[in-house]
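Working through the structure, step by step
Listed below are the residues making up each chain.
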Amino acid sequence: MGGSPLNILFIMYDQLRFDYLSCSGHPHLHTPNFDRVAAMGVRFTNAYVQSPICGASRMSTYTGRYASSHGAQWNGFPLRVGEQTMGDHLRKLGMDCWLIGKTHMKADKEGMARLGLSPDSVIGARQEECGFDVWIRDDGLWGQGPDGFYDEKRSPYNEYLKSKGYESENPWADFANAGIEGNELASGWMFDNADKAANIREEDSETPWLTSRTIAFIEQAKGTWCAHVSYIKPHWPYIVPAPYHNMYGKNQVPQAKRHNLEREDAHPVYAAYMESAISSAFQQDQVRDKVIPAYMGLIKQCDDQLGRLLDYLETSGRKEDTMIVLTSDHGDYLGDHWLGEKDLFHEQSVKVPLIIYDPRTEADGTRGSTCEALVEAIDLVPTFVEAAGGKVPDHILEGRSLQAYLHSRSDQGRDFVISEFDYSPTPQCVKLGLEPRDARLFMVFDGRYKLMHAEGGFRPMLFDLMTDPDEFHDLAKGNDHRAEIDRLYGYLAQWGRRLAQRVTKSEDDIKAMRGRSKRKGILPFLKDGSEVPDELTEAYRGPVRQNHINAPHDAGE
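Note that this is a predicted model, so its numbers are computed, not measured. (Residues numbered from 1 in each chain as written. Predicted model: local features only at pLDDT ≥ 70, side-chain atom pairs only at ≥ 80, totals over all residues. Heavy atoms only, no water.)

1. Things to note about the nonpolar core
Operational definition: Nonpolar core, defined: a set of buried Ala, Val, Leu, Ile, Met, Phe, Trp, Tyr and Cys residues in which side-chain atoms within 4.5 Å join the residues together. The classification of residues rests on relative accessible area computed with a 1.4 Å probe and restricted to protein chains. Under 20% of the type maximum is buried, over 50% is exposed, and intermediate values are partly exposed. We call two residues contacting when some pair of their heavy atoms lies within 4.5 Å.
Grouped together as the largest cluster of nonpolar side chains are 70 residues, with contacts concentrated most on Phe44 and Tyr423. When residues no more than four places from it in sequence are discounted, the contact partners of Phe44 are Leu354, Ile356, Cys371, Val375, Leu402, Tyr405 and Leu406. The next biggest cluster of nonpolar side chains, apart from the first, holds 61 residues, and it includes Leu29, Ala198, Phe217 and Leu310.

2. Topic: the environment of Trp225
This is how the line gets drawn: Labels follow the DSSP assignment, with helices taken as runs of H or I lasting at least four residues and strands as runs of E lasting at least two, numbered in each case from the N terminus.
Of note, Trp225 is situated in strand β9 (residues 225-230). On the basis of relative accessible area, Trp225 is assigned to the buried category, the value being 1%. As a C-alpha pair, Trp225 and Met95 span 130 residues in sequence and 5.1 Å in three-dimensional space. Residue contacts for Trp225: discarding those within four places in its chain leaves Asn7, Ile8, Leu9, Met95, Asp96, Phe217, Ile218, Arg318 and Thr322.

3. Comments concerning the state of the cysteines
Should the sulfur atoms of two cysteines be covalently bonded, the bond is a disulfide. For clarity, the cut-off: By convention in this document, the label disulfide applies to cysteine sulfur atom pairs within 2.5 Å.
Evaluated as defined, the whole model comprises zero disulfides. Not engaged in a disulfide, the cysteine Cys226 finds its nearest cysteine sulfur in Cys97; these two sulfurs lie 4.1 Å apart. Here Cys429 is not cross-linked by a disulfide; its sulfur's nearest cysteine counterpart is in Cys54, at 20 Å. For Cys429, a relative accessible area of 3% gives the class buried.

4. What to know about the sheet that holds strand β16 (residues 449-454)
Put simply, the rule is: Any two strands with at least two DSSP bridges between them are considered paired. Orientation is described by lines fitted to C-alpha atoms, with helices fitted over the stretch in contact, and by angles between N-to-C directions that extend from 0 to 180 degrees.
The strand order across the open sheet built from four strands is β14-β15-β16-β17, with neighbouring strands paired in antiparallel fashion. Both edges of this open sheet fall to β14 (417-422) and β17 (461-464), since each of them pairs with a single strand only. On average, each strand axis in the sheet is tilted by 15° relative to the strand beside it, whichever way the strands run. The sheet strands contacting helix α17 (residues 482-496) are β14, β15 (440-445), β16 and β17, and the helix crosses β16 at an angle near 65°.

5. Focus: unusual backbone geometry
Going from Lys233 to Pro234, the amide bond is cis rather than trans, its omega being 15°. By the secondary structure assignment, Pro234 is in the loop between β9 and α10 (268-274). Cis geometry marks the peptide bond from Ala242 to Pro243, where omega comes out at 5°. Relative to the elements of secondary structure, Pro243 occurs in the loop between β9 and α10. Not every positive phi belongs to a glycine, and Cys130 is a case in point at roughly 60°. Tracing the backbone shows Cys130 in the loop between α6 (122-128) and β4 (133-137). What makes Cys130 buried here is its relative accessible area of 2%. Phi at His337 takes a positive value of approximately 60°, unusual for a residue other than glycine. As for its position among the elements, His337 is in the loop between β10 (322-328) and α13 (347-350). Using a relative accessible area of 0% as the deciding quantity, one classes His337 as buried.

6. Structural notes on the pattern of salt bridges
Applied cut-off: Throughout this description, the term salt bridge denotes a Lys or Arg side-chain nitrogen within 4 Å of a carboxyl oxygen of Asp or Glu.
All told, the structure shown has 44 salt bridges when counted by the stated rule. Asp14 is paired through a salt bridge with Arg58; the nearest N and O atoms lie 3.4 Å apart. Of this pair, Asp14 sits in the loop between β1 (7-13) and α1 (32-40) while Arg58 sits in helix α2 (residues 54-63), and the two are 44 residues apart along the sequence. Overall, the relative accessible area of 0% leaves Asp14 in the buried class. On the accessibility criterion, Arg58 (0% relative accessible area) is buried. We note a salt bridge from Asp14 to Lys102, for which the minimum N-O separation is 2.5 Å. Placement of the pair is Asp14 in the loop between β1 and α1 and Lys102 in the loop between β3 (96-101) and α5 (109-114), with a sequence separation of 88 residues. In this structure, a network of salt bridges that share partners links the residues Asp14, Arg58, Lys102 and Asp329.

Here's what the structure looks like:
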């Protein structure tokens, strides 16, 4: 398509593991539509998020900056006012940036009040919504307990269900994420119910609902646009409507990747996570045998709805001018490494799928290929900036554009990737007796060796993924790999010295401002003026205008 305007359809799935797609080798789960995008574009096989938890990961992806740079390092930590996001960068280039679905954004209300920003204003609304204009926002966890709802915002999805005849104060909980046991509600919060069909018409469930909202957006969109379509699934509750609830059985549940060696002299932080309630649940085969088939069913439904979206793009002609990006905010342990959920830095948690289709003719040479380069989620914003025709503001964006990989150009790549995890609000922090400032983990991975550093005086963890791809053998338990540990700590120190906060002046700005003060008459440290061109001293040469040194005093003085 050459140089014609390009739209961006940026699709994120929540808690989708990198290896639960057929194009990445899953033996039982067939995902022809993910595979379809991979055949049209490039599948990145070593993509890592900058924090293995929803909120911090998303804020890094949306800002193009590391978690310790933007500061929103855990769910519910506000993204500070003034932090630029992809919407800010793309609007400068004439591209609208819209949200359809989830962000997990928490607004910096105090900062907005300090600056007098009203949420009813355009700029205030964008500050509250992570820089996006909102087509529809629904973060998708409408839990309800004695203290009220988990999410304080209204649920557009709940309102939709009510309009379709689902009679409940919270139909998300009573229908979309619950089955039936006899005449009783069987909540998806309970793993025992994961094999039941959700009590909802499939077309009314969350993933088809958001797909319909996406098609409605594209149908009315004018100009060039980036649409961030953010699905809540396959995130828990692990329950899915028919026919997806029984497409897979326990005979298709893989054996958990875990080893007793992992429990021996385990790192204290790792041990604390292995002893958590979610990990204890996933250590039970009967839990995995119900949850994993439901998780696969949720992914299959995501794939079918992706096919619906791709078919629409093809029939409407939009596929020819729309970049398609598929990824996730983190993975899911599902019992591997004796763990459930995410949070730590094994591949199951911190590595994500990333597939990009670029419709431009420059990408024809890479269609259907895989790229093994180390890439980070923060690389997406600079990729979008280049796709929109802009120059990457690398004094703000810490990621690197992936366009060279998409267009088959050589690229130096990076030597290592970084991920961070602030677990200060968790029970594990309390159990370890840590102050919040010390409950921080860092991962540095060079493509072979993976180091986890823990603040608080703990030893590191180290894995060699070439000889131990399952990450069972923590090499830092002994003293035989000091050289590798030191080398990776050198990378971590190099990253720690990065220039992260000088975001108001670019390299070009600084070069251009050199010498400007002289041309504005600031001329210190001159001996006689001959050191500079005459034009710079012209204002300071010439006859005296008035002589106040030798002039007689006024008679009245």
